[in-house]
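# Tertiary structure, described
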Amino acid sequence: MTFSNLKLIKPLVLALEKKGYAEPTPIQEQSIPHILEGRDIFGCAQTGTGKTAAFALPILQLLEAKKTTVAQKSIKALILAPTRELAIQISDNFTAYGKNLGLAHTTVFGGVSQNLQVKDLKRGVDILIATPGRLLDLMQQGFIKLNAIEYFVLDEADRMLDMGFINDIKKVIAKLPAKKQTLFFSATAAPDIMKLANTLLKNPVSVSVNPVSSTATLVSQSVYYVKKENKRALLNYILKNSKIEHALVFTRTKRGADKVAKDLNSNGIKAEAIHGNKSQGARERALKGFKNRTIRVLVATDIASRGIDVDKLSHVINYELPEQAETYVHRIGRTGRAGSTGIALSFCTQDEMPYLKDISKLIKKNIEIISKHPFS
Ligand code: AMP
């Protein structure tokens, strides 16, 4: 299967060649033809499956076909994402895929001044990528009108609900025209997700890849049993005595992330923490440093890490196990993306054993135990 087989136009195929994509991923193969035909989609897929391109490519193509008929630019596609990091990532995808087309897009999210965002909006855009809070804010101020929306994407709907965005989402939906094509993506199909999907989608095509409990297949996983007070020493030991070039380390708390990053730096390992208390600028700098490899270790909390997309990330380290087993799958899904293999290491104290048990139950396998280490 090639991208041309999916009836994508030449400018998009060329952009994909430039990105080095050899063939569509399963979610792309399953969604793109239906979206091009104008169908609503319920996509059960998490980050790492190529879902962004699955909606971005057909939207660009559909808008390109209409470009000549609309003289005045108006927002015709709205993509709603739960976090600023994900919104920026989606925007980067639109930039890359749409580089041979003349469509304009912009991104609005909170935590930064709205001035530049408003300036972009005033210039006129075809595609808007937004987080719910800032979107509503700018709508209330009259800078954004949604009455010309033809395509609406709700990305990571499960995370939106987890983050308490349901009322904001409903407010946005209320302002959308009744006639539109809706693409709904979620990593799970929990009852509250289905309820929201049912209110939004008309006769949707359901596509599903890599349900959350089975993503673990490409990632090699192991666990170190360790006492809480020895975790820092163990992390330093692993990073000093291995060929790990690049690792994303997860902690449960913001303070924990800061502490771990500080400790690594004092041991000569370049690390940065990323979490909700950091300014937008600091988060973007840390992420950029991690992506261009000037920072070896990025220490993150779950919310901050959501949607972080780092090409060829080889290692994820769970410094603390998450309370929710699904979160573990999301975390290790940062590695082993789009077909590459990854390694996930987890530290587990006596107290965390119940979490480990839940995780094994969800992924339906026992994680290999590394018993030989100096801190066992
Ligand atoms: P996503 O699930 O949209 O976050 O995409 C995960 C990663 O896969 C991103 O780094 C994309 O650039 C990459 N990707 C998306 N589609 C393809 C493809 N067809 N071939 C190779 N990589 C891809």
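Residues numbered from 1 in each chain as written. Predicted model: local features only at pLDDT ≥ 70, side-chain atom pairs only at ≥ 80, totals over all residues. Heavy atoms only, no water.

### Brief notes about the overall build of the protein
Helices and strands together make up the secondary structure of the protein, namely 15 helices and 14 strands. Relative to a compact globule of 376 residues, whose C-alpha radius of gyration would be 21 Å, the protein shows 21 Å and is just as compact. With the C-alpha coordinates aligned to their principal axes, the bounding extent of the protein is approximately 70 × 40 × 40 Å. Restricting to contacts in the protein with at least 6 residues of sequence separation, those with at least 24 account for 76%. (Helix = DSSP H or I, 4+ residues; strand = E, 2+ residues; numbered from the N terminus. Rg over C-alpha atoms; globule rule 2.2 N^0.38 Å. Contact = heavy atoms within 4.5 Å.)

### Structural notes on a nonpolar patch on the surface
The grouping of Tyr 225, Met 353 and Ile 369 at the surface amounts to a nonpolar patch, some 230 Å² of accessible area in total. Relative to the elements of secondary structure, Ile 369 occurs in strand 14 (residues 368-369). (Patch = residues over 30% accessible without salt bridge, like charges linked within 9 Å, V, L, I, M, F, W, Y side chains within 5 Å. Areas by Shrake-Rupley, 256 points an atom, 1.4 Å probe, with all protein chains shown as cover. Salt bridge = Lys/Arg side-chain N within 4 Å of Asp/Glu carboxyl O.)

### What to know about the nonpolar core
Ranked by internal contacts, the top residues of the largest apolar core, which has 40 residues, are Leu 8, Phe 55, Leu 57, Ile 59 and Phe 94. Here this core takes nine residues from helix 3 (residues 51-66), the largest share from any one element. If we skip the residues at most four places from it in the chain, Ile 59 touches Ala 77, Phe 94, Tyr 151, Val 153 and Leu 183. With 33 residues, the next largest nonpolar core counts Val 108, Ala 130, Met 139 and Leu 146 among its residues. (Core = buried A, V, L, I, M, F, W, Y, C linked by side-chain atoms within 4.5 Å. Buried < 20%, exposed > 50% of the residue type's maximum accessible area, 1.4 Å probe, protein only.)

### Section: the environment of Ala 87
Assignment of secondary structure puts Ala 87 in helix 4 (residues 84-97). Each C-alpha atom, one on Ala 87 and one on Thr 131, is 6.9 Å from the other, the two residues being 44 residues apart in sequence. Other than its neighbours up to four places away in sequence, Ala 87 contacts Ala 81, Thr 107, Ile 129 and Thr 131.

### Here's the deal with the domain arrangement of the protein
The domain boundaries assigned to the protein delineate domain 1 (4-208) and domain 2 (219-369). Placing a centre on the C-alpha atoms of domain 1 and another on those of domain 2 gives a separation of 29 Å. Taken residue by residue, the interface counts 17 residues in domain 1 and 16 residues in domain 2. Here domain 1 packs against domain 2, burying approximately 1,500 Å² in sum over the two surfaces, 47% of which is carbon and sulfur. On the surface where domain 1 and domain 2 come into contact, there are one salt bridge. With its nearest N and O atoms 2.7 Å apart, the salt bridge here joins Glu 85 to Arg 283. Our enumeration of links across domain 1 and domain 2 arrives at one residue pair in polar contact (both at pLDDT 80 or more). Of all the secondary structure elements, the ones that give two or more residues to the side of domain 1 that touches domain 2 are helix 4 and helix 7 (157-162). Sort the elements by how many residues they give to the side of domain 1 that touches domain 2 and helix 4 lands first, with five residues. (Domains from an automatic or database assignment. Buried area = accessible area lost by both parts, 1.4 Å probe. Polar contact = N/O pair within 3.5 Å; in protein donor to acceptor, adjacent residues only side chain to side chain.)

### Here we look at the sheet that holds strand 1 (residues 41-44)
In space, the seven strands of this open sheet follow the order 3-4-2-5-6-1-7, with parallel pairing throughout. Strand pairing shows two members of the sheet lacking a second neighbour, strand 3 (105-108) and strand 7 (205-208), which therefore form its edges. Strand-to-strand twist of the sheet, defined as the mean angle between neighbouring strand axes without regard to direction, takes the value 15°. With four bridges joining them, strand 3 and strand 4 (residues 127-130) adopt parallel strand pairing. Along strand 4, the bridge assignment pairs Thr 107 with Ile 129. Against the sheet, helix 9 (residues 191-200) makes contact with strand 1, strand 5 (151-154) and strand 6 (181-186), and its axis sits at roughly 170° relative to strand 6, the strand it touches most. (Pairing = 2+ DSSP bridges. Axes fitted to C-alpha atoms, helices over the stretch in contact; angles between N-to-C directions.)

### Details of the sheet that holds strand 9 (residues 247-250)
Read from one edge to the other, the open sheet built from seven strands follows the order 10-11-9-12-13-8-14, with strand pairing classed as parallel. Every other strand in the sheet has two partners, leaving strand 10 (271-274) and strand 14 as the edge strands with one partner each. In the packing of helix 11 (residues 254-266) onto the sheet, the strands contacted are strand 9, strand 10 and strand 11 (297-300), and the crossing angle to strand 10 comes to about 170°. In the packing of helix 12 (residues 280-291) onto the sheet, contacts are made with strand 9, strand 10 and strand 11, and the angle to strand 11 comes to roughly 140°.

### Section: the pattern of salt bridges
Under the criterion given, the structure shown has 13 salt bridges. With a closest N to O distance of 3.1 Å, Asp 126 and Lys 73 form a salt bridge. Of this pair, Asp 126 sits in the loop between helix 5 (115-123) and strand 4 while Lys 73 is found in the loop between helix 3 and strand 2 (77-80), placing the two residues 53 residues apart along the sequence. The network of salt bridges with shared partners includes Lys 51, Asp 155 and Glu 156.

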